[in-house]
Amino acid sequence: MTIKHLYPVVEPSLNLDFANSKKLDPRITFIRGSIGTYVGEDGLIKTAVDHEARFDHDSDGNSLGLLVEESRANLLLRSEEFDDAGYWSATGCTVSPNEIASPAGTVTAEKQTHTAAGPRISKFGVATVAASTQFTFSFFAKAGTSSYAAVSIYDGTTTGNRFWFNIATGVPGSIASIGGGYPSVTSQMEAFANGWYRCICTITNGSNTTVNIDGISVSLDTDGVLGPTVSGVYGYIWGAQLEAGSFPTSYIPTTSNTVTRAADVVDLTNTGIYDTYSFTILNEPFGSAAGGSTLSLVGAGETPIKRTAVYNQYLTQTQINASVDKTDEFWRWRILGSSFALPDFTTDTDGQVTVDWGDGTVETLTTSEHTFTDGGGYHDIGFRLDSGTYFRPNFNNNASHDTKVVAVGPAPESMILYATTAFNGCTNLKVFDATIDATGGTSVRNAWLNCSSLISLPWFDTSSVTDFYSACRKCTSLASFPAIDTSLGTNFQLTWEGNAFSTFPALNFSSATIMGRAWSGCSNLTAFPALSAAQRFSSAMVSGSAPYGGFQGAWASCSSLTTFPPNIFDDVINCTRFDLAFTNCALTAQSIENILVSIDTANTSNGTLGLNGGTNAGQSTWTAAATTAYNNLIGRGWTISANA
């Protein structure tokens, strides 16, 4: 997707064009507590010092954008010193150091020459990796008189796999099992300048945790054979890396110790740049950034960030699709792993969904698991609604596949989301780019429950939604929430429990009937917004039943909540359940007054109110108006738990 200015009336308030500018906006805070490598304009590997941003390029020097990576460690030592007999073991070959220029342009690449059958460079007991997890091994190779490279990797006993690579053409070759082989293996190759290739193996480990590299060979004249070959055949090798993870990251050089590259942390504080409650982020590629009070650039897996544009308003789906030059009807998601399935998706009874798996396979979506032909790592897949009116992914906390979703892109106008339990349990979902139409039903119940990595949500159409139960519960990284339409909402039980936002928009709660634990545990929330007469809680609110009836526990454990507006409960004449509503808050004396006076104004009797709101809630600090309201409520049979 290419972002274009097709709407001159709608210009971004923030335009971070990393691919073209190759620099950081001065408002950005960039942290990486280690060196990091990247590919420079000349196609060679460069090294950036601590806290220096990396602007990556392909092997031809074309700009790719800002590199944002997670922390990884190279578990191998002597990553460029295969002639070091104290670490590496050479069999059937000689290893000559500093023969030609490496992918970094330095004359540090080594020549491996065949001398006997089975030429290889090995390292036994190289590292320990966790059982039943993925790790990735890679090395750089260049053809000499040899056109092939190979590596055998064992699990510490007799089980493993042998991987072959054509280092003349850049095409991965065969993968052979040894003693049954690992549970899952894939391979790939990446081109670098001057005829170098990075040969990559991604492996799902079994129960054994030791990794043996036995061995690397670039002195072969036949693909698939480690036996006798022509003596004197040679190739070049450089930069071996073993890392825990399902895809390779930038090269991490080592000498006598393992080396960890720290994570890139890239943030921009929103100081009036855009409206915290009404903004649109367009990323290229999608899933690169999200935000609220802070814009966080989270990266896109193995792909650098080309551009992030932030608009100080909601863009319509038509505007978004035009701005990102979206011409197809596919809803793109980013998946991490070697396979994926939607075990319980639904559409209308006559609906059909086509899936583009991003590896050349396009087919009618079924509940069957798809294994990607290009192996593990990140995959951009797409869903197209061919018939019917809505699409419901319905993860519903599916343990096999919900953790594989890491980003969601802009939705086509034809894609209406049926949101109930749609992304429930997607704990690794970081960025949700799409403005979506969630009118596929009247409920968004549990839609993003437990999406603990999600930083922000876009605006979504909820004009027909009545049930918001637990929609964003336990989204513990959710730093902002959009000013969506909640005018028909009745059930807000647990909706935002445990979220990370510090402020909250003024939504419409005039139809609400239950608010139990709606904001419970939002420990960063400092102020609740003032609501207009048309937005505030009304006579529709009822007491309901335990444990979450009425306002029971609604703001409990909002430990930073100091400010609460007046008049919020003036019209709540049918609800007396405020049990634990403000327990463990930090309310000011004025906020205490606002709460008590407003509940008193509603003129109800025999209610229960929990007002254990920190030191400021002590009755000795109350204003005269708060004390009067308190006495009035006690006189009408209320039980009020307040700090002594």
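For the structure, see preceding data.
Cut-offs and rules
Residue numbering note: each chain is counted from 1, following its sequence as written. Side-chain atom pairs in this predicted model are given and counted only at pLDDT of 80 or more, local residue features only at pLDDT of at least 70, and totals for whole chains, interfaces and linings cover all residues. Note that the side-chain values use all heavy atoms of the structure and ignore hydrogens as well as water. A pair of Phe, Tyr and Trp rings is counted when the ring centres sit within 6.5 Å of each other, with Trp represented by its six-membered ring. The angle between the planes then sorts it: under 30 degrees is stacked, over 60 is edge-to-face, the rest tilted. In DSSP terms, a helix is any run of H or I states spanning at least four residues, a strand is any run of E spanning at least two, and both are numbered starting from the N terminus. For the exposure calls, accessible area comes from a 1.4 Å probe over protein chains only, and a residue counts as buried if that area is under 20% of its type's maximum, exposed if over 50%, partly exposed in between. Whether a charge sits over a ring depends on NZ of Lys or CZ of Arg being within 6 Å of the ring centre and within 35 degrees of the ring normal. By convention in these notes, a salt bridge is any Lys or Arg side-chain nitrogen within 4 Å of a carboxyl oxygen on Asp or Glu. Lining residues are defined by having an atom within 4 Å of a point belonging to a cavity or pocket. Those points lie on a 1 Å grid over the protein atoms alone, cavities being sets where a 1.4 Å probe fits but cannot get out and pockets being open sets with protein on both sides within 12 Å along at least five of seven lines. Grid points are joined across faces, edges and corners, and a volume is the space filled by probe spheres set on the points. Amino acids are sorted into nonpolar (Ala, Val, Leu, Ile, Met, Phe, Trp, Tyr, Cys and Pro), charged (Asp, Glu, Lys and Arg) and polar (every other residue, Gly among them).

**Q** Can you break down the packing of aromatic side chains residue by residue, with the values?
**A** Following the criterion strictly, the structure yields 58 aromatic pairs and no others. Aromatic pair phenylalanine 504 and tryptophan 519: ring centres 5.7 Å apart, planes at 85°, arrangement edge-to-face. Of this pair, phenylalanine 504 sits in the loop between β37 (460–461) and β38 (577–578) while tryptophan 519 sits in the loop between β37 and β38, and the two are 15 residues apart along the sequence. The pair phenylalanine 504 / tryptophan 519 is uniform in exposure class, with both members buried. Both rings, one in phenylalanine 509 and one in tryptophan 519, keep their centres 5.7 Å apart while their planes meet at 85°; by these two values the pair is edge-to-face. A residue pair is termed long-range when its members are at least 10 positions apart, and phenylalanine 509 in the loop between β37 and β38 and tryptophan 519 in the loop between β37 and β38 qualify at ten residues. Across the pair, exposure class does not vary: phenylalanine 509 and tryptophan 519 are buried alike. The positively charged end of lysine 111 is found above the aromatic ring belonging to tyrosine 234, 4.1 Å away from the centroid.

**Q** Give me the pattern of salt bridges: which residues, what numbers.
**A** Counted by the stated rule, this structure contains 22 salt bridges. In this structure, arginine 78 and glutamate 81 form a salt bridge, with 3.5 Å as the shortest nitrogen-oxygen distance. Since its relative accessible area comes to 23%, arginine 78 is described here as partly exposed. Its relative accessible area of 26% is what places glutamate 81 among the partly exposed residues. Between arginine 120 and aspartate 214 there is a salt bridge, with its nearest N and O atoms 3.2 Å apart. Of this pair, arginine 120 sits in strand β11 (residues 120–128) while aspartate 214 sits in strand β18 (residues 210–220); the two residues are 94 residues apart in sequence, bridging distant segments of the chain. Judged by relative accessible area, aspartate 214 falls into the buried class, the value being 15%. Each of Arg32, Arg54, Glu69, Arg261 and Asp264 takes part in one network of salt bridges that share partners.

**Q** I'd like a description of the layout of surface pockets, backed by residues and values.
**A** Within this model, the largest pocket holds a volume of roughly 930 Å³. As for the largest pocket, its lining consists of 40 residues, and the residues nearest its centre are Leu64, Glu190, Glu302, Thr303 and Pro304. Of all the secondary structure elements, the ones that give two or more residues to the lining of the largest pocket are β3 (36–39), β5 (55–57), β16 (184–191), β26 (331–336) and β32 (378–387). Here the lining of the largest pocket is built from residues that sort into 17 nonpolar, nine polar and 14 charged. Of the pockets and cavities examined, the second largest pocket occupies roughly 470 Å³. Taken together, 27 residues make up the lining of the second largest pocket; nearest its centre are Glu70, Val298, Gly299, Tyr378 and Lys430. Secondary-structure elements contributing two or more residues to the lining of the second largest pocket are β21 (265–269), β24 (294–297), β26 and β34 (405–408).

On their own, these measurements won't tell you what the molecule is for.
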